[in-house]
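Descriptive structure summary
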Amino acid sequence: MGTLVRFELKKILSNKAGMVACALVLVMLVAVATLNLLTMDTVDGATGNLVHGFEAQQAYRQMQESHAGTLDNSRTAEDVAAFDHADQLSKDTRGLSGLSSQEITERYGLPFWQETRGILEDSYYREVVGTLDSASPRATSLEGGVKARVDGLLESGFWGYHPYTDAEKAYWRSLVDDIAWPLEWGYDGGWHYALTWKGFSGLAIVALCVALSGVFAGEYRDRTVAVVLPTRRGKKALPIAKTIAAFLFTTGYWCVLATAIIAMHVGIYGTAGWGMPLQVTFGLDNPYPLTVGQAVVASCGLGYLVALGMVALTLLLSSRLRSTMPVAVIPMVIVFLGIIGLFSTPLAKIALLTPFSGLSYAFDAMVSYAIGPFVVGLPMALAALYGIMLVAFVPFAVHSFGKHQVA
Amino acid sequence: MELTLDRLTKQFGARIAVDRVSVTLTPGVIGLLGANGAGKTTLMRMVCDVLRPTGGQILLDGSDVADMGVEYRSLLGYLPQDFGYYPDFTALDFMLYMATLKGFGKRDGRERSMQLLEEVGLVDDARRKVKTYSGGMKQRLGIAQAMINDPQILVLDEPTAGLDPKERVRFRNLIASFAQDKIVILSTHIVSDVEFIANRILVMRQGSFVMGGSLEQLVARAAGKVWEFHTDARRADAMAACMSAANVRHASDGSAVVRVIAGERPTEGAVTVEPTLEDLYLLVFSDATTDGRA
């Protein structure tokens, strides 16, 4: 079997279109990540100046690290007081709202900017105070604020359109209860970007499907099926070897891709933040009781499972269709229709089950699916859907190739 | 060993490609002769278990090959028409791959592959990619892969397509020495392919066997129906066009010898001559189009 699998891997690797697609996705990911860094800008809290690129990244890191610590009630009370003071001082200073950060620094000096606009525009303060303000009257604990904020989202429905059932509301509230309170805060740069890039692995899945489109259909197209089928191992061992080779290739490519995305971002932005709660990365209304590190591992695993499910679909199509073109195009259409589907709110929950959209929003939004009292969140729904595809489609593909009729 | 085709039928929609074919094949070279579209390839695909018959069955020594599965396929060697290959594989890779598919271990597979590449004259090009091969070289590689497992039933569909005369002779010798105690089914519409090596010839038309037997038996059927006559070279082509002409041979003196297939004397001065298999082929398919249909 090992020898057969090696030959099948060789065939996959000789699919030039597929290899180009896989390489292009990797190059594109690296290029866009580099471009993101180069075009990044932020106001440096130490100087009040707008800074760009690496400098902006360093300034952002310093700002986040300046807020590091446990967000217990006394800490949040201090933060609220500082924010309210900044807000009041801004209102009391005539004409301040019309000035840019640079103009405030020039006219009133850096300490004044730091005391006003520096706090009001700091995403940390906006997130914490905004969350506490979700409760009326203002919450005195972050936990209370988060619960009120999540309740508000649950009442308005997903994207204001898809109402949550009582079972779904209970599901999300139970997740929030499981978050480790009080929250830790800090810098999560590298892991943050690695997580926000998880959706782009959907493009890698397209490349994988292109690369594997010819696993079975290539034999039909090149008429080699008539040579390989009437052999001792042609109808049983061969389709199994092809399937193993396809999954080995998928696994290898996925490892390279995940390593590239993580190494690139962690290399640029640092390794800090692995143990931070996921709310640091995705906002305080994120209900998942996970650390950033757990979310990174779960996202990699979920992406891999989605990739395996899509590869299983590709193998099934490849075993049933005589041309590789539709085999490559159909998964591509599924991925891109899923992206377009997000622009239509009524279709959003279906679109979120497709690879790119699903992986983008997994662990990042309160997307759930309910059948009566049974509720699953988006990550579990994706895992179930693509797991079923994997288990259901592969035997069909193997069987279909073995029974192929050379007509 | 007996391979029996029992009322074997294949229908594609309304079209019957193979129509209740029955024959028992024993070791030796069986030449399957027929025009393009006569049903030869469909028949061979069914024999090779890559196309399910619509009706009838194939029996090997009394056992239905559909039930034998791996056991039957282990006995098979098949060179399909339009032999497909992997362009980025070298010939040796391809042979090793086929050896693996046919159950060989690594060392045995390599030995057998090199031996066959030697026999088909490709050993010096064994490490070249197949996509760089000429048509004839690819065909020789196809023949080699079909024989790699020393099959008891060797099915060759148009094996000499693309081979030059020297390669055809080499092929014929290879098959002749291989065919001892084995069933070799060789399909072709090129008469000379089977003329020299087939022990038995089956003539197929419109999905059925219309004739079968040894070369001598078949050729005898055309006895008295093959004529030759001398005529003026300028009239030869015109006469050939209105008769079932097998050949027009122009001589240097301006005359021509016309060979005609006809039930009766076609013209004054025509004499009967010894028929060949090609004459018989023309006799059988005289009213057929290239797709083998009347």
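Since this is a predicted model, take the numbers as computed values, not measurements.

A separate point is the overall build of chain A. Along its length, chain A carries 21 helices and 6 strands. Overall, chain A is about 85 × 50 × 35 Å in size when its C-alpha atoms are taken along their principal axes. Across the 407 residues in chain A, those meeting the buried criterion constitute 53%. Of all intrachain contacts in chain A linking residues separated by at least 6 positions in sequence, the fraction that spans at least 24 positions is 73%. Taken as two groups, the 28 positive and 31 negative side-chain charges of chain A have centres that lie 23 Å from each other.

With that settled, consider the overall build of chain B. Each helix and strand counted, chain B has 11 helices and 14 strands in total. Against the globule reference of 19 Å for 294 residues, chain B gives a C-alpha radius of gyration of 21 Å, in line with a compact fold. Projected onto its principal axes, the C-alpha coordinates of chain B cover approximately 70 × 45 × 35 Å. With an accessible surface of roughly 12700 Å², chain B has 47% of that area assigned to carbon and sulfur atoms. Side chains of chain B carry 34 positive and 37 negative charges; the gap between the two charge centres is 4 Å.

On the secondary structure map, Thr-100 of chain B appears in helix 4 (residues 91-101). Classification of Thr-100 of chain B as buried rests on a relative accessible area of 8%. Engagement of the side chain of Thr-100 of chain B in a polar contact is seen with the backbone oxygen of Leu-96 of chain B, the distance being 2.7 Å. Beyond its immediate chain neighbours, meaning those up to four positions away, Thr-100 of chain B contacts Thr-3, Leu-4, Phe-7 and Arg-233 of chain A.

Residue and element names in this part refer to chain B. Read from one edge of the open sheet, 4 strands run 2-1-4-5, paired in antiparallel fashion. Pairing within the sheet leaves two strands with one partner each, and these edge strands are strand 2 (15-25) and strand 5 (63-64). Inspection of the sheet shows strand 4 (residues 55-60) paired to strand 5 by 2 bridges, in the antiparallel sense. Bridge pairing in strand 5 links Leu-60 to Ser-63. Packed on one face of the sheet, helix 1 (residues 40-47) meets strand 1 (3-12), strand 2 and strand 4 and runs near 120° to strand 1.

Residue and element names in this part refer to chain A. Counted under the stated rule, the structure contains 31 salt bridges over all chains. Two residues, Lys-169 and Glu-155, come together in a salt bridge whose shortest N-O distance is 3.5 Å. A residue pair is termed long-range when its members are at least 10 positions apart, and Lys-169 in helix 10 (residues 166-177) and Glu-155 in helix 9 (residues 142-156) qualify at 14 residues.

With that out of the way, let us pick up the confidence of the model for chain B. All names here are of chain B. The share of residues in chain B with pLDDT of 70 or more is 97%, and the mean pLDDT across the chain is 85. Looking across chain B, the model is least confident in helix 10 (residues 233-242), with a mean pLDDT of 74, and most confident in helix 4, with 94. As a predicted assembly, this complex carries a pTM of 0.85 together with an ipTM value of 0.81.

Residue and element names in this part refer to chain B. Those residues of helix 10 that sit buried are Ala-233, Ala-236, Met-239 and Ala-240. Viewed end-on, helix 10 has its buried residues packed into an arc of 100°, placing them on one side of the element. In this structure, helix 10 carries Arg-234, Arg-235, Ala-238, Ala-241 and Cys-242 as exposed residues pointing more than 90 degrees from its buried face. Next to the buried residues of helix 10 lie strand 11 (226-232), strand 12 (245-250) and strand 13 (255-261).

When cut into domains, chain B gives domain 1 (3-212) and domain 2 (226-274). On a C-alpha basis, the centres of domain 1 of chain B and domain 2 of chain B stand 38 Å from each other.

We now examine unusual backbone geometry. In this structure, the amide linkage connecting Ser-136 of chain A to the following residue, Pro-137 of chain A, adopts the cis form with an omega of -5°. Within the fold, Pro-137 of chain A resides in the loop between helix 8 (123-132) and helix 9. Put simply, Trp-181 of chain A and Pro-182 of chain A share a cis peptide bond, and its omega is -10°. Here Pro-182 of chain A is to be found in the loop between helix 10 and strand 4 (184-185). In the Ramachandran plot, Asp-82 of chain B falls in the positive-phi region, its phi being about 50° despite a non-glycine side chain. Counting through the fold element by element, Asp-82 of chain B comes out in the loop between strand 6 (76-79) and helix 4. For Asp-150 of chain B, which is not a glycine, the phi torsion comes out positive at approximately 50°. Examined against the element boundaries, Asp-150 of chain B turns out to sit in the loop between helix 6 (135-147) and strand 7 (153-157). A residue is classified by how much of its surface remains accessible, and Asp-150 of chain B, at 37% relative accessible area, is partly exposed.

A few words now on the interface of chain A and chain B. By a frequent convention, interface size equals the accessible area lost on bringing the separate parts together. The partner chain B presents 32 residues to the 29 residues of chain A that form the contact. Summing both partners gives a buried area of about 2800 Å² for chain A against chain B, and 61% of it is carried by carbon and sulfur. When the area that chain A buries against chain B is broken down by residue, the three leading residues are Phe-7, Val-227 and Arg-232 of chain A, summing to 23%. Our count for the contact surface shared by chain A and chain B stands at 3 salt bridges. We note a salt bridge from Lys-10 of chain A to Asp-93 of chain B, for which the minimum N-O separation is 2.4 Å. Taken together, the links from chain A to chain B amount to 13 residue pairs in polar contact (both at pLDDT 80 or more). Those elements that provide at least two residues to the side of chain A that touches chain B are helix 1 (2-13) and helix 14 (225-228) of chain A. In terms of residues, the side of chain A that touches chain B owes the most to one element, helix 1 of chain A, which gives 7 residues. When grouped by side-chain class, the residues that make up the side of chain A that touches chain B number 10 nonpolar, 7 polar and 12 charged.

What follows concerns helix 1 of chain B. Taken across its 8 residues, helix 1 of chain B has 8 buried, putting it largely inside the fold. Asp-49 of chain B lies just past helix 1 of chain B and shows a positive phi near 65°.

Residue and element names in this part refer to chain A. Contact geometry of helix 2 (residues 16-39) with helix 15 (residues 237-269) gives a least axis separation of 11 Å together with a crossing angle of 15°. With respect to their mutual orientation, helix 2 and helix 15 come out roughly parallel. With respect to the hand of their crossing, helix 2 and helix 15 are arranged in right-handed fashion. Side by side, helix 2 and helix 15 meet where Met-19, Cys-22, Val-25, Leu-26, Leu-29, Val-30, Ala-33 and Leu-37 of the first sit next to Phe-249, Tyr-253, Val-256, Leu-257, Ala-260, Ile-261, Met-264, His-265, Ile-268 and Tyr-269 of the second. For the contact of helix 2 with helix 15, a count of residues per class yields 17 nonpolar, 1 polar and no charged.

Residues and elements named next belong to chain A. In the contact formed by helix 4 (residues 73-92) and helix 8, the axes pass within 10 Å of each other and the chain directions differ by 105°. The pairing of helix 4 with helix 8 is recorded here as roughly perpendicular in orientation. Where helix 4 abuts helix 8, its residues Arg-75, Thr-76, Asp-79, Val-80, Ala-82 and Phe-83 lie against Tyr-124, Tyr-125, Val-128, Val-129 and Leu-132. Considered class by class, the residues forming the contact of helix 4 with helix 8 number 8 nonpolar, 1 polar and 2 charged.

The rules behind the values
Residues numbered from 1 in each chain as written. Chains lettered and ligands numbered in written order. Predicted model: local features only at pLDDT ≥ 70, side-chain atom pairs only at ≥ 80, totals over all residues. Heavy atoms only, no water. Helix = DSSP H or I, 4+ residues; strand = E, 2+ residues; numbered from the N terminus. Buried < 20%, exposed > 50% of the residue type's maximum accessible area, 1.4 Å probe, protein only. Contact = heavy atoms within 4.5 Å. Lys, Arg positive; Asp, Glu negative; His and termini not counted. Charge placed at Lys NZ, Arg CZ, Asp CG, Glu CD. Rg over C-alpha atoms; globule rule 2.2 N^0.38 Å. Areas by Shrake-Rupley, 256 points an atom, 1.4 Å probe, with all protein chains shown as cover. Polar contact = N/O pair within 3.5 Å; in protein donor to acceptor, adjacent residues only side chain to side chain. Pairing = 2+ DSSP bridges. Axes fitted to C-alpha atoms, helices over the stretch in contact; angles between N-to-C directions. Salt bridge = Lys/Arg side-chain N within 4 Å of Asp/Glu carboxyl O. pLDDT = per-residue confidence, 0-100. Arc of directions from axis to C-beta. Domains from an automatic or database assignment. Buried area = accessible area lost by both parts, 1.4 Å probe. Nonpolar A, V, L, I, M, F, W, Y, C, P; charged D, E, K, R; others polar. Parallel < 35°, antiparallel > 145°, perpendicular 65-115°, else oblique. Left-handed = near helix turned anticlockwise from the far one by under 90°.

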